[in-house]
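Tertiary structure, described
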Amino acid sequence: MGRRLTRRRFLRAGGLALAAGYALGARFSVPRAVAAASPATYAVPGLSAPGEILVDRWGIPHLYAASRPDVFFLQGFNAARDRLWQIDLWRRRGLGRLSAAFGPSYLEQDRAARLFLYRGDLATEWRAYGEDAEAIATAFTSGVNACIDLVERGELPLPVEFEALGYAPERWAPEDVVRIRSHGLVDNVASEVARALVLRDFGREAEALRRRLEPPWEFQVPDGLDLGVIPDGVLDVYDLATQAVEFSAEAHAARQAGAAAATARARRLGAIGSNNWAISPERTVTGRPILANDPHRTQGVPSLRYLAHLVAPGLDVIGAGEPALPGISIGHNGSVAFGLTIFAIDQEDLYVYETRPGSPQEYRYGDGWEAMRVVQEAVPVHGAPDETVTLRFTRHGPVVAEDAEKGAAFALRSVWFEPGTSAYFASIAYMGAGNWDDFVSGLRRWGAPGENQVYADRSGHIGWKPCGLTPVRPNWDGLLPVPGDGRYEWDGFLDPDKLPVEFDPQRGWIATANAENLPDDYPYRERKIGFEWATPFRLQRIVSVLKRKRRSSLGHSRRLQVDHRSIPATRVVPLLAGLEPRVLRLARAIALLGDWDFDLAPDSAAAALFEVWNSVELPKAVLLAALGSQDAVEAVWPGDPVVLGDLLERPDERLGAQPRETRDRVLAESLQRAAARTEELLGADWSRWAWGRLHVAQFEHPISPLVGPELGRRLNVGPVPVGGGGETVGDTGYSSGPPPDDAEGLRKWFRVASGASFRQLIDVGAWDRSETINNPGQSGDPDSPHYRDLLELWAAGRTVPLLYSRRRIERAAERRIVLQPAP
């Protein structure tokens with residue numbers, strides 16, 4: 001049911017319709033019992049036999065097909081049925097086709113995206129994922145297109161976003177799935193450049209406060225690198241290519257000026273994270289393994305993840321992936337369970353070139369000059385003629401910046417441009433594994449991003465195996481940009497078998513959380529995987545809980561996934577005990593924190609004060625005391641929390657001639673400012689302070705700036721109060737950019753921006769007892785009951801069943817969809 005779209009109206013749709021106040025009428029809702037008993041049936045081309053989709057009461061689709069190609073067809077069809085606008089935008093952004101729908105202000109973003117497409121041999125690309133990769137992508141995209149056909153014929157409703165903005169979805173080609181690379185999370189060019197700029201302007205002392213290196217490492221400036229040549233905006237094009245599509249007036253102005261959004265890089269880096277663990281049968285109350293995973297990415301609406309269950313001869317896999325991609329990357333298949341977190345392989349480098357005087361499209365390489373490859377492409381633009389964009393490439397990758405005055409150019413080398421590195425698509429190689437050996441064999445095909453893969457099976461085994469293409473850098477460490485003249489070249493990739501591995505450890509559990517986790521005896525100096533990892537706080541907390549729990553239940557893991565104990569608070573708050581406050585506000589603040597249990601609970605006044613202090617006032621004060629310059633503070637913001645914590649616990653000469661006295665002054669003055677700032681945010685009555693009044697999950701739909709208030713209310717989700725923060729196991733991170741000075745801006749700054757929108761808890765062997773959540777809901781349709789139905793459950797740390805057996809699924813089904821092969 002819903003608004004119908006004639007073929008003529010569909011084909012005429014196009015351009016931005018920004019009329020304020022636009023809203024569709026509410027859609028008719030089919031009662032659950034009727035929906036289950038009266039299936040919706042559609043005839044579609046591309047199926048070899050009838051297929052069935054059962055949607056359970058939590059919005060999770062269970063797809064039943066007569067063959068493997070048919071089940072991926074169903075997956076594509078269902079993804080479009082539930083998330084058509086989201087996946088269409090994903091495709092447009094990745095391929096550089098935003099201008100065709102939204103006009104010329106997106107031209108620069110389209111150009112940027114096209115620089116990062118895979119442009120190698122497609123036959124080699126398909127083979128990298130496995131012999132059936134092309135067939136899987138072909139079936140999936142045929143399913144997407146079949147759904148679009150039904151929308152065009154008026155048999156399915158056009159999603160509200162297309163009608164609101166006045167354009168239509170585009171059809172997919174199989175190669176669209178793999179050519180797009182810029183949605184993946186790879187490291188570490190942003191940090192390379194940040195390090196170079198800090199060294200250039202403020203020296204090694206400032207850089208040591210910005211980012212620690214693990215394992216212990218002393219970097220050197222590569223021979224021939226002139227730090228002064230690197231411009232501040234060298235990664236603007238990279239940021240533009242990798243950022244989300246934005247529709248606000250501010251973003252529009254930035255595009256008109258040809259600039260990337262100022263906070264794009266901070267948002268992307270702040271969103272990287274995840275937790276996973278596996279517990280062996282000897283340490284569980286049931287005698288069955290447990291596998292838990294909660295990947296952390298940008299939070300929003302619709303959700304980044306999508307749950308699905310694929311059933312076909314030889315395949316029965318359930319779990320989550322990204323809706324625009326076939327397969328399941330996190331879940332189980334009735335034999336083995338699997339989950340992933342980012343493993344910080346350094347997979348990219350910035351190359352700096354000397355360009356030829358008088359011929360800036362040539363760059364020095366070896367003893368001569370080499371010409372850039374120039375590609376010109378026509379970009380369709382809504383309401384205007386096609387525009388031609390010029391893309392330049394060196395032997396290392398796309399040219400992202402040029403400086404004619406300095407005779408310099410800059411290009412990115414990334415694993416993105418190697419076959420087999422479409423992010424998460426390689427899960428098709430392991431999702432059907434029957435045992436550990438099969439699983440590890442499948443991981444050899446994984447290219448990007450680097451991942452900690454954790455495993456458990458019904459025979460009682462658990463394991464850990466990192467995966468991802470690991471460049472071999474024979475004569476440098478990847479921590480700074482390098483000259484592109486041939487002296488610094490990748491020498492292939494590390495053999496996947498030389499990455500660490502662990503199988504059935506004696507301690508009875510495995511855990512990862514993006515922190516440095518190389519074995520003590522790992523030869524990291526010879527195998528330079530990477531030196532920049534997440535903070536250790538989440539992993540420390542997970543390990544401490546798993547170590548002391550002799551027998552774990554699924555409920556224990558559920559509570560651990562949403563644990564809000566702040567390890568930074570356990571380090572910093574005890575330092576206040578030695579202060580002698582002479583101001584009432586400071587005395588009250590010290591007393592409030594002194595009685596606190598370090599839990600960032602949503603109803604906690606102390607948690608609110610601590611987060612304002614620890615995230616805003618304290619790092620500013622420590623960095624300023626150590627560096628003496630506001631410009632330096634801004635350059636290294638927010639600083640490395642481990643390094644800053646160490647400096648506060650053990651003050652040294654970086655804080656001057658009397659470091660302990662300086663430390664105490666910094667603590668006192670910053671805490672007093674934080675208390676005043678918290679009063680600004682939450683009021684003068686401290687008894688009414690609560691972290692959840694400030695820290696809320698409030699997700700604005702991307703197009704909400706363009707529509708009227710009625711549709712905006714339907715599209716936007718929240719607010720709901722939440723606990724936790726960016727350094728707790730229950731990750732509900734907020735902005736990592738510089739905090740605004742005004743109260744209203746700071747309130748928005750503290751909103752949830754990243755973390756675990758999706759969580760899974762697998763009871764290995766008793767599969768129907770497994771649990772999951774996908775915030776705020778499974779559907780991308782604001783009129784669906786599954787658009788926001790999981791938000792409050794997620795905020796409260798609750799889950800829903802992840803049903804696997806057909807019998808249980810039938811009992812929970814609220815909707816049945818049957819697809820018949822078209823005659």
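Presented here is a report on the structure given in the accompanying data block. What you see is a predicted model, and the numbers here were worked out from it, not measured in a lab.

When its secondary structure is counted, the protein chain shows 28 helices and 28 strands. The C-alpha radius of gyration of the protein chain comes to 26 Å, within 12% of the 28 Å expected for a compact globule of 823 residues. Overall, the protein chain is about 85 × 70 × 60 Å in size when its C-alpha atoms are taken along their principal axes. A total of 823 residues make up the protein chain; the buried ones form 62% of that total. Surface accessibility of the protein chain: about 30300 Å² in total, with carbon and sulfur atoms responsible for 49%. Across the protein chain, the 95 positively charged side chains and the 106 negatively charged ones have centroids separated by 5 Å.

Here we take up the side chain of S670. As for its placement among the helices and strands, S670 is situated in helix α23 (residues 659-682). For S670, a relative accessible area of 0% gives the class buried. In this structure the side chain of S670 is engaged in a polar contact, spanning 2.8 Å, whose partner is the side chain of W613. There is a polar contact of 2.6 Å between the side chain of S670 and the backbone oxygen of V666. The residues contacting S670, other than those within four sequence positions of it, are W613, E617, L618 and A621.

Here we take up the environment of Y64. Position of Y64 among the secondary structure elements: in strand β3 (residues 61-64). When residues no more than four places from it in sequence are discounted, the contact partners of Y64 are G51, E52, L54, L74, H309, V311, R806 and I809.

Per the stated rule, a full pass over the model turns up 56 salt bridges. Where E170 meets R92, a salt bridge forms, and the shortest distance between an N and an O atom there is 3.7 Å. Of this pair, E170 sits in the loop between α8 (160-165) and α9 (176-179) while R92 sits in helix α3 (residues 68-95); the two residues are 78 residues apart in sequence, bridging distant segments of the chain. Exposure class is identical for E170 and R92. Each is buried. For R195, the salt bridge identified is with E532, shortest N-O distance 2.7 Å.

The omega angle of the peptide bond from A448 to P449 is -10°, so this bond is cis rather than trans. Tracing the chain through its elements places P449 in the loop between α15 (436-443) and β17 (451-457). With phi around 75°, Y424 is a residue other than glycine that occupies positive phi space. Relative to the helices and strands, Y424 resides in the loop between β16 (408-414) and α15. The residue N514 is not glycine, and still its phi comes out positive at about 75°. Tracing the backbone through its elements, the reader meets N514 in the loop between β21 (509-512) and α16 (537-548). You can call N514 buried: its relative accessible area is 4%.

This brings us to α16. With twelve residues, α16 should reach 16 Å at 1.5 Å per residue; the first-to-last C-alpha distance of 17 Å fits that figure. Looking only at α16, the buried set comprises F537, R538, L539, R541, I542, V545 and L546. Buried-residue contacts for α16 involve β4 (273-279), β5 (290-298), β21, α17 (554-561), α18 (567-572) and α22 (641-649).

So, about empty space enclosed by the protein. Applying the stated criterion across every chain, the model contains seven cavities of 30 Å³ or more. Of the volumes computed, that of the largest cavity is approximately 80 Å³. Lining the largest cavity, in full, are L63, Q75, N78, A79, Y306, A308, G321, E322, P323, L325, G327 and I328. Broken down by secondary-structure element, the contributors of at least two residues to the lining of the largest cavity are α3 and β6 (306-312). Among the elements that take part in the lining of the largest cavity, α3 stands out by supplying three residues, more than any other. For the lining of the largest cavity, the class distribution of residues is seven nonpolar, four polar and one charged.

Judged by how many residues are buried, β17 sits mostly within the fold: seven of seven residues are covered. Burial along β17 is two-sided: E451, Q453, Y455 and D457 facing one way and N452, V454 and A456 facing the other are all buried. Both strand β9 (residues 336-342) and β17 contribute to a ladder of seven bridges, which runs antiparallel. Counted as the bridge partner of I342 is E451 from β17. Where β17 and strand β18 (residues 462-467) come together, six bridges link them in antiparallel fashion. In the strand pairing of β18, N452 is matched with P466.

Rules used in this analysis
- Residues numbered from 1 in each chain as written.
- Predicted model: local features only at pLDDT ≥ 70, side-chain atom pairs only at ≥ 80, totals over all residues.
- Heavy atoms only, no water.
- Helix = DSSP H or I, 4+ residues; strand = E, 2+ residues; numbered from the N terminus.
- Rg over C-alpha atoms; globule rule 2.2 N^0.38 Å.
- Buried < 20%, exposed > 50% of the residue type's maximum accessible area, 1.4 Å probe, protein only.
- Areas by Shrake-Rupley, 256 points an atom, 1.4 Å probe, with all protein chains shown as cover.
- Lys, Arg positive; Asp, Glu negative; His and termini not counted.
- Charge placed at Lys NZ, Arg CZ, Asp CG, Glu CD.
- Polar contact = N/O pair within 3.5 Å; in protein donor to acceptor, adjacent residues only side chain to side chain.
- Contact = heavy atoms within 4.5 Å.
- Salt bridge = Lys/Arg side-chain N within 4 Å of Asp/Glu carboxyl O.
- Expected span 1.5 Å × (residues − 1).
- 1 Å grid on protein atoms, 1.4 Å probe; cavity = no way out; pocket = protein on both sides within 12 Å on 5 of 7 lines; lining within 4 Å.
- Points joined across faces, edges and corners; volume = space filled by probe spheres on them.
- Nonpolar A, V, L, I, M, F, W, Y, C, P; charged D, E, K, R; others polar.
- Pairing = 2+ DSSP bridges.

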